[in-house]
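So you can see what is in the structure, the chains are spelled out below.
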Amino acid sequence: MAETALRVPQRPRSPVRPAEAALAPRLAREWLAALDGGRSEAGPLSGILGHGPAERVVLTDIAARLVSILFGTTFEPGAAETAGRALVAAGFTGADVLGRSLRVLMLWLPSALEDAEAGCPDGDLARRLADVTGAFADGYARGLRDRAVAEQETLRRAELDAERLLSRQLRHQAMHDPLTGLPNRTAIFGRLAEALSSESAARVGLCYLDLDGFKGVNDTEGHAAGDKLLAVIAERFGRVARARGAVAARIGGDEFIVLAERSPGLDGMIILASALLAEARRPIALPAGVARVSACAGVVERTAGTTAESVVAAADAALYEAKSRGPGRWSAYAPARSSAAM
């Protein structure tokens, strides 16, 4: 239960004699004792909650409201429904809260009223007490029902949020390489196809990259070292690509693609490829020592409207041309032949 005490909405109250007014704190103490499992005139009960200042303030407010209703010049038993709802809103929602509350109101309160020689304006205190406790019980039950509906809605929203989060995670896993975190083959080929079908993209550029010397590192230093090297290369390629408005992807093994959905032109793609190859040549610290690899790149630029398969095939042909010339080379694809420039 929250430490901040809930204040029951107040209405103008009819004057109450001191004898009746003194009943409110007594009623609150007895009520709290019953809910807490202490021994009371309503009988020994097992505990529901612990004593605390917030509980005492809430129950004192509610008790004062009930006493005011009982002894008001204008009898409004329906106002006791608000008190029942307030008990729920304050967090008194144990399995036997209502039963214990009614025992105090129906068993302890009449004897306390008799001892205080309290009377009501119309002289029919028994009827008033029955009406008040009935309205109080109705309010408590309705408060519980409304709370249950609210909790069900909260639970439903939590379940929907969990489903959306899981769906996003599954989509991310399906479209990204688990080792490097880069988009995978499915994701990059999908983006390529979308870019080629877009009316707003006049030309699309692609670099197809393959590492030189990766197999040697993987074979001599182990798969863990090979994975570390791939992760470092992926981070470098991703950083270079983002800086130039492109996206890098790992499509398998030691092969990568960098896609410029809005091509900077063939010269711009060659500059991008050169920057990627320079990053690949930088030494990489591994547990067993420093590793040095390089990469080759096939560069292609196509107008929108061609197929993703033809663009990738052209880039692959350019990559083959580059690798045939030695490590660390790039080659730009031309329709008749691949023209090597490095």
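All residue numbers here refer to positions counted from 1 along the written sequence of the relevant chain. With pLDDT at 70 or above as the cut-off, local features in this predicted model cover only qualifying residues; side-chain atom pairs require 80 or more to be listed or tallied, and sums for whole chains, interfaces and linings still use all residues. Each side-chain value is worked out from all heavy atoms of the structure, with water and hydrogens disregarded.

Undergrad: Would you mind going over the overall build of the protein chain with me for this structure?
TA: Secondary structure summary: the protein chain contains 11 helices and eight strands in total. A total of 342 residues make up the protein chain; the buried ones form 44% of that total. The long-range share in the protein chain, meaning contacts at least 24 apart out of those at least 6 apart in sequence, stands at 73%. In short, Shrake-Rupley with a 1.4 Å probe defines the accessible areas, and a residue's cover is counted only from the protein chains shown. Surface summary for the protein chain: the accessible area is close to 17000 Å², and the carbon and sulfur share equals 54%. A run of DSSP states H or I qualifies as a helix once it reaches four residues; a run of E qualifies as a strand once it reaches two. Both are numbered from the N-terminal end. Each residue gets one of three labels from its accessible area relative to the maximum for its type: buried under 20%, exposed over 50%, partly exposed in between, using a 1.4 Å probe on protein chains only. Between two residues, a contact is recorded if the distance between any of their heavy atoms is within 4.5 Å.

Undergrad: Where do I start with the nonpolar core in this structure?
TA: Side chains of nonpolar character tend, in soluble globular proteins, to be buried together. Here, nonpolar core refers to any group of buried Ala, Val, Leu, Ile, Met, Phe, Trp, Tyr and Cys residues whose side-chain atoms link them within 4.5 Å. Among the nonpolar cores identified, the biggest contains 42 residues, and Leu-27, Trp-31, Ile-62, Leu-66, Leu-87 and Phe-136 are the most heavily contacted of them. If you tally residues by element for this core, the top one is helix α3 (residues 53-71), at 10 residues.

Undergrad: Looking at this model, I keep getting lost on the packing of helix α8 (residues 214-221) against helix α9 (residues 223-243). Mind explaining?
TA: For any two helices packed against each other, the geometry is given by the interaxial angle and the distance between the axes. Helix axes are fitted to C-alpha atoms over the stretch in contact, other axes to C-alpha atoms as well, and angles between N-to-C directions run from 0 to 180 degrees. Relative orientation of the contacting elements α8 and α9 amounts to 145°, with a least axis distance of 6 Å. Contact residues: Phe-214, Val-217, Asn-218 and Glu-221 in α8; His-223, Ala-225, Gly-226, Leu-229 and Leu-230 in α9. Polar here means any residue other than Ala, Val, Leu, Ile, Met, Phe, Trp, Tyr, Cys and Pro, which are nonpolar, and Asp, Glu, Lys and Arg, which are charged; Gly is therefore polar. Broken down by class, the residue content of the contact of α8 with α9 amounts to five nonpolar, three polar and one charged.

Undergrad: In this structure, what is going on with the confidence of the model for the protein chain? I would like to understand it.
TA: A low pLDDT means the predicted coordinates there should not be read in detail. The predictor's confidence in any single residue is recorded as pLDDT, a number from 0 to 100. Mean pLDDT over the protein chain: 82, with 83% of residues reaching 70 or higher. Here strand β8 (residues 338-340) stands out as the least confident element of the protein chain, with mean pLDDT 46; strand β3 (residues 255-260) is the most confident, with 96. Within the model, pLDDT remains below 50 along residues 1-14, and this stretch shows 34 contacts once partners closer than five positions in the same chain are excluded. Predicted confidence for residues 336-340 stays below pLDDT 50, and this span has 11 contacts to residues more than four positions away or in other chains.

Undergrad: How should I be thinking about the pattern of salt bridges in this particular structure?
TA: A side chain with one charge may pair with a side chain of the opposite charge, provided their charged atoms come close. By definition here, a salt bridge exists when the distance from a side-chain nitrogen of Lys or Arg to a carboxyl oxygen of Asp or Glu is within 4 Å. Scanning all chains against the criterion turns up 20 salt bridges. Close ionic contact of Lys-323 with Asp-212 constitutes a salt bridge, the shortest N to O distance being 2.8 Å. Separated by 111 residues along the polypeptide, Lys-323 in helix α11 (residues 308-324) and Asp-212 in strand β1 (residues 203-212) bring together distant segments of the chain. Assessed through its relative accessible area of 13%, Asp-212 is described here as buried. The partner of Glu-279 in a salt bridge is Arg-282, with the nearest N and O atoms 2.6 Å apart. Taking the relative accessible area as the measure of exposure, Glu-279 reaches 14% and is therefore buried.

Undergrad: Quick question: what am I supposed to make of helix α4 (residues 80-89) here?
TA: Since one α-helical turn is 3.6 residues long, residues separated by three or four positions face the same way. The set of residues buried in α4 consists of Ala-80, Ala-83, Gly-84, Ala-86, Leu-87 and Val-88. Directly after α4, the chain includes Gly-91, whose backbone phi takes a positive value near 100°.

Undergrad: Looking at this structure, how should I read the packing of α3 against α4?
TA: One can describe the packing of α3 onto α4 by two numbers: an axis separation of 10 Å at closest approach and a directional angle of 170°. Taken together, the axes of α3 and α4 are roughly antiparallel relative to one another. Residues Leu-59, Ile-62, Arg-65, Leu-66 and Ile-69 of α3 touch α4, and the partners they reach there are Ala-80, Ala-83, Ala-86 and Leu-87. Partitioned by chemical class, the residues of the contact of α3 with α4 number eight nonpolar, no polar and one charged. Any angle between 65 and 115 degrees counts as roughly perpendicular, while under 35 counts as roughly parallel, over 145 as roughly antiparallel, and the rest as oblique.

Undergrad: Where do I start with the packing of aromatic side chains in this structure?
TA: For any two aromatic rings, the description comes down to two numbers: the centre-to-centre distance and the angle of the planes. Think of it this way: a Phe, Tyr or Trp ring, Trp meaning its six-membered ring, pairs with another when their centres are within 6.5 Å, and the plane angle makes it stacked under 30 degrees, edge-to-face over 60, tilted otherwise. In the structure shown here, the tally under the stated rule is two aromatic pairs. An angle of 65° between the planes, with centres 5.7 Å apart, marks the rings of Trp-31 and Phe-136 as edge-to-face. Note that Trp-31 is positioned in helix α2 (residues 23-36) and Phe-136 in helix α6 (residues 125-175), a separation of 105 residues in sequence. Between Phe-237 and Phe-256, the ring centres sit 5.3 Å apart and the planes meet at 90°, which makes this aromatic pair edge-to-face. With Phe-237 in helix α9 and Phe-256 in strand β3, this pair connects stretches of sequence that are 19 residues apart. Assessed through its relative accessible area of 0%, Phe-256 is described here as buried.

Undergrad: I tried to follow the environment of Asn-184 on my own but got confused; where do I start?
TA: With respect to the helices and strands, Asn-184 occurs in the loop between α6 and α7 (185-197). We classify Asn-184 as buried; its relative accessible area is 14%. Note: C-alpha distance between Asn-184 and Gln-173 (11 residues apart in sequence) is 9.4 Å. Once residues lying within four places of it in the same chain are set aside, the contact partners of Asn-184 are Ala-174, Met-175, His-176, Asp-177, Ala-249 and Arg-250.

Undergrad: Just checking my understanding: could you explain the side chain of Asp-254 for this structure?
TA: Locating Asp-254 in the fold gives a position in the loop between β2 (247-252) and β3. Charge counting follows a simple rule: Lys and Arg are positive, Asp and Glu are negative, and His as well as the terminal groups are ignored. Despite its burial, Asp-254 remains without a salt bridge, the nearest opposite charge being carried by Lys-323 at 6.5 Å. Ignoring sequence-local partners within four residues, the contact set of Asp-254 consists of Leu-209, Asp-210, Leu-211, Phe-214 and Leu-230.

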